[in-house]
Amino acid sequence: MIRLEGITKSFGSLQVLRGIDLEIKKGEVVSIVGPSGAGKTTLLQIMGTLDMPDSGSVTIDGTLVNCLKEKELSAFRNKHIGFVFQFHQLLPEFTALENVMIPAFIAGMGQQEARAAAAEILDFMGLAERASHKPNELSGGEKQRVAVARALINHPAVVLADEPSGSLDTHNKEELHQLFFDLRNRLGQTFVIVTHDEGLAQITDRTIHLKDGEVCKE
Ligand code: ADP
């Protein structure tokens, strides 16, 4: 599902990634761990086509993304990749349902269809009764689950999450982690999760350890 070959990336004189080769299979739930500054977020951004490597190739779901032009790239990203960040990044003026609809709109879905798809996915996550609430009326755990629903609305093959449970308490954290596995089991999505949470790293199918821009142990 994801293949990275020879990925390098520098910011000015700082070399952040030093030749990363990785392969992640369809339906795997993989964690990326490592000390702060190891390059985890940079690697995730490159996997998500939000940033380009200096050298090396990125293939997602059979498409070599390095070759895509900016417009094709953003369409590819919106269709194939869902993102979940540490802070939910929901738009405060919109309801949960409307927030979830946004990527579907961007993908060209009509309003009624997007509304129905968003309602279905919120229902799937046990959030049907919260659909008309705005973010400030939702708990931290609910907001993060709405953010996951938004990431899934276009049925992306890959979901990339950067410290998704970093701002949650233990109960909500465990519920969110369980949700990733439920989604993988029911929808077959591939999850790549950057985390400091050892509990989560222990239960993922595989853990990639990053140190000083290199994979040091798998
Ligand atoms: P991690 O997620 O493992 O903490 P990051 O990938 O966020 O590591 O960052 C790796 C290094 O790259 C850090 O030293 C960070 O300051 C630097 N860095 C990340 N993004 C940028 C950027 N856009 N410009 C300059 N330096 C950056």
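Structural data are supplied above this passage.
Remember, it's a predicted structure, so these values are computed and weren't measured experimentally.

A. Fine view of the pairing of strand β1 (residues 2–11). Of the pairings in the sheet, the one linking β1 to strand β2 (residues 14–24) comprises eight bridges and is antiparallel in character. Among the inter-strand pairings, T8 is bridged to a residue of β2, identified as R18. Here β1 folds back onto β2, and the loop between the two strands holds two residues, one of which, G12, carries a positive phi near 60°. As paired strands, β1 and strand β4 (residues 55–60) are joined by five bridges and run antiparallel to one another.

B. Quick peek at the site of the ligand. With respect to spatial proximity, the complete set of residues near the ligand consists of F11, L14, V16, G34, S36, G37, A38, G39, K40, T41 and T42. When contributions to the shell around the ligand are tallied by element, the ones reaching two or more residues are β2 and α1 (40–47).

C. Spotlight on the sheet that holds strand β5 (residues 63–64). Spatial ordering of the open sheet is given by β2-β1-β4-β5, a layout of four strands whose pairing is antiparallel. Strands with a single pairing partner mark the edges of an open sheet, and in this sheet they are β2 and β5. Here α1 sits on the sheet and contacts β1, β2 and β4; the angle it forms with β1, its principal contact strand, is near 125°.

D. Main features of the nonpolar core. Grouped together as the largest cluster of nonpolar side chains are 52 residues, with contacts concentrated most on M47, V100, A118, A149 and L160. With six residues, helix α5 (residues 140–152) is the largest single contributor of residues to this core. Residues contacting V100, with those up to four places away along its chain left out, are A118, I121, L122, V146, A149, R150 and I153.

E. Examining the packing of helix α3 (residues 96–106) against α5 more closely. For the pair α3 and α5, interaxial distance at closest approach is 7 Å and the crossing angle is 30°. Judged by the angle between their axes, α3 and α5 are roughly parallel. In the crossing of α3 with α5, the sense of the turn from one axis to the other is right-handed. Residue-level inspection shows A96, N99, V100, I102 and P103 of α3 in contact with α5, the latter providing V146, A149 and R150. Taken together, the residues of the contact of α3 with α5 sort by class into six nonpolar, one polar and one charged.

Cut-offs used in this document
Residues numbered from 1 in each chain as written. Predicted model: local features only at pLDDT ≥ 70, side-chain atom pairs only at ≥ 80, totals over all residues. Pairing = 2+ DSSP bridges. Helix = DSSP H or I, 4+ residues; strand = E, 2+ residues; numbered from the N terminus. Near = placed C-beta within 6 Å. Contact = placed C-beta atoms within 7 Å. Axes fitted to C-alpha atoms, helices over the stretch in contact; angles between N-to-C directions. Core = buried A, V, L, I, M, F, W, Y, C linked by C-beta atoms within 7 Å. Buried ≥ 20, exposed ≤ 12 C-beta atoms within 10 Å, placed from the backbone. Parallel < 35°, antiparallel > 145°, perpendicular 65-115°, else oblique. Left-handed = near helix turned anticlockwise from the far one by under 90°. Nonpolar A, V, L, I, M, F, W, Y, C, P; charged D, E, K, R; others polar.

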